[in-house]
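Descriptive structure summary
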Amino acid sequence: MSWTWESALPMEIMENILLKLPVKSLIRLKCVCKGWFSIISDPYFVRTHLHQPQTQARSRLCIIEDNELDDFNTMEVRVFTGDCEEIIDDTTGWSTLSSTFDYIYFIRNFKHEVVLLDSCDGLLCIVDFYGKIVLWNPSTRQHYQLPPNPDIWDPSGCWGFGYDSSSHDYKVVVIVTTFGNDQYKTEVNVFSLKSNKWKRIQEKHHTAVKERQATILHGAAHWMAYSKSYNHLIYRIVAFDLEKEQFREMAIPSNDDFKLRVVGGCLCLHSNYDPSKMWIMKEYGIHRSWTKITSPWAIIRNNMNEEFECELLHSLNDEHLLWVWVSSGKLTLFDQKQNIYKNLHEEYVWGLDDANLYVETLVSPHPSTTLEVIKEE
């Protein structure tokens, strides 16, 4: 009888060993034997590996640069990734690595400007200027282009991507506003990866969507919206629950034009007109929990001795915030605890189009009914 890995160790022990390995190692090990391929490809293993502490503990930063090819029908996407802990610990920044890319891949029928939505379970969502959408796992390098939605006639809307735990389904939401009879009307279309279909939500909201990217938190997509009252704009946060498919509103601490992000698991507002203004909602849904916090903008500006426009991108953890300079695309990492910052790459070394955080997982971006059989952790 010949020796095999399957006969050497019980299946349960082998599975526990494999669960501790990173994604790149697991992808290579799928080629070793049929037994390992079967274990690593199993949906329950994929979900269990996703929730391992070592998987969730290490986030990666993904930077993309896109280029429309000569056939005007294909988008070349250049990808650079880096470990967030290494970025924080590195005292030199990324200047020595900023001219290299991890890999390049091509998306058919993608054109012009792209937006990289917030990640979910290791999946990233890319949207082009005309509303074409691709789900992408940068760890496995798999991607899936969503079917077009005939109900969406205006691509200049707002997009969000998240997970509905009640149905074990990844969903993309597209929020579009129309104006008629002297009032705004916002409607939502939802794509289900499980069914591979679009669905139009019948309920409408009476506000206008303000930004292109929705922020996902607590199973809901959130975005900044506004309505008109006596020639004045009234700003607020609108949320759409992925499970209940219902709208709700949240008042903001001051009637200002804010950018909405998530910092440390809390909703965070950063003023578009006055970068020194930042607020954080310490208790979700509780208006009185809005707390004003110090914006890194003033500290960075004082050191630069010049005016500049910047936007809050993400929080790498509770202490480190990632900012992007609007004029040049330069990334800056700010340490809130020590009030210091560093630039992650030199200006104009590449044309940064977007950046986002993700964790390395085996989750597939392709439609699948197997999500239903995944056990709850």
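Residues numbered from 1 in each chain as written. Predicted model: local features only at pLDDT ≥ 70, side-chain atom pairs only at ≥ 80, totals over all residues. Heavy atoms only, no water.

Things to note about the overall build of the protein
The condition is simple: Only DSSP runs of H or I reaching four residues or more are called helices, and only runs of E reaching two or more are called strands; each is numbered from the N terminus. For the area figures, the Shrake-Rupley method with a 1.4 Å probe applies, and any residue is considered shielded solely by the protein chains shown.
If you tally the helices and strands in the protein, you get 8 helices and 25 strands. Counting only carbon and sulfur atoms, one obtains 50% of the accessible surface of the protein, whose full area is about 18,300 Å².

Regarding helix α4 (residues 34–41)
Defined as follows: Relative accessibility under 20% of the residue-type maximum defines a buried residue, over 50% an exposed one, and the middle range a partly exposed one, all with a 1.4 Å probe and only protein chains included. The directions from the helix axis to the C-beta atoms are what the arc is built from.
Of all the residues in α4, the buried ones are G35, W36, I39 and I40. All buried residues of α4 fall inside an arc of 120 degrees around its axis, so they share one side.

Remarks on the confidence of the model for the protein
Using the following cut-off: What pLDDT conveys is the predictor's confidence in a given residue, as a value from 0 to 100. By the convention used here, residues are in contact when the closest approach between their heavy atoms is within 4.5 Å.
Model confidence for the protein is summarised by a mean pLDDT of 78, while 68% of its residues fall at 70 or above. With pLDDT under 50 throughout, residues 93–98 is counted as low confidence; its partners more than four residues away or in other chains account for 17 contacts. The low-confidence segment residues 373–377 (pLDDT under 50) makes 11 contacts with residues lying over four places distant or belonging to another chain.

Here's the deal with helix α5 (residues 43–50)
The cut-off we apply is this: Here a polar contact means two N or O atoms within 3.5 Å. Within protein one must be a hydrogen donor candidate and the other an acceptor candidate, and residues neighboring in sequence count only if both atoms are side-chain atoms.
Summarising burial for α5: 6 of the 8 residues are buried, a large majority. Looking only at α5, the buried set comprises F45, V46, R47, T48, H49 and L50. Buried residues belonging to α5 abut α2 (11–19), α3 (23–29), α4, α6 (53–57), β8 (158–164) and β9 (169–180). Here α5 starts with a cap whose side-chain oxygen sits 2.9 Å from the backbone nitrogen of Y44, and that cap is D42.

A closer look at the packing of aromatic side chains
Operational definition: Pairing of aromatic rings covers Phe, Tyr and Trp, the last through its six-membered ring, and needs centres within 6.5 Å; plane angles under 30 degrees mean stacked, over 60 mean edge-to-face, and all others mean tilted.
Applying the stated rule across the entire model yields 7 aromatic pairs. Note on Y163 and Y170: the rings are 4.7 Å apart at their centroids and 50 degrees apart in plane angle, and the pair reads as tilted. Side by side, Y163 and Y170 carry an identical accessibility label, which is buried. Aromatic side chains W223 and F247 sit 6.4 Å apart centroid to centroid with 85 degrees between the ring planes, which places their arrangement in the edge-to-face category. A residue pair is termed long-range when its members are at least 10 positions apart, and W223 in strand β14 (residues 220–229) and F247 in strand β16 (residues 247–250) qualify at 24 residues. Residue W223 shares its accessibility class with F247, and that shared class is buried. Aromatic ring contacts, followed pair by pair, group F161, Y163 and Y170 into a single cluster.

Structural notes on the environment of V188
Here V188 is to be found in strand β10 (residues 183–192). For V188, a relative accessible area of 0% gives the class buried. Expressed as a C-alpha distance, the spacing of V188 and K204, which sit 16 residues apart in the sequence, is 7.6 Å. Leaving out residues up to four positions away in the same chain, V188 has contacts with V173, V174, I175, K199, R200, I201, W223, F240 and F247.

Some thoughts on the sheet that holds strand β20 (residues 290–294)
Where we set the bar: Pairing between strands requires that DSSP locate at least two bridges from one strand to the other. Only the stretch in contact is used when a helix axis is fitted, and all axes are lines through C-alpha atoms; the angle between N-to-C directions ranges over 0 to 180 degrees.
Strand order in the open sheet made by the 4 strands is β17-β18-β19-β20, with antiparallel pairing throughout. Strand pairing shows two members of the sheet lacking a second neighbour, β17 (258–263) and β20, which therefore form its edges. For this sheet the average axis-to-axis angle between neighbouring strands, irrespective of direction, equals 30 degrees. As paired strands, strand β18 (residues 266–271) and strand β19 (residues 277–281) are joined by 3 bridges and run antiparallel to one another. Paired with L269 across the bridge in β19 is W279.

Let's talk about the side chain of S271
Structurally, S271 can be placed in strand β18. Within the structure, the side chain of S271 is placed 3.1 Å from the side chain of D256, a separation counted as a polar contact. Those residues in contact with S271 that lie beyond four places of it in its chain are D256, D257, F258 and K277.

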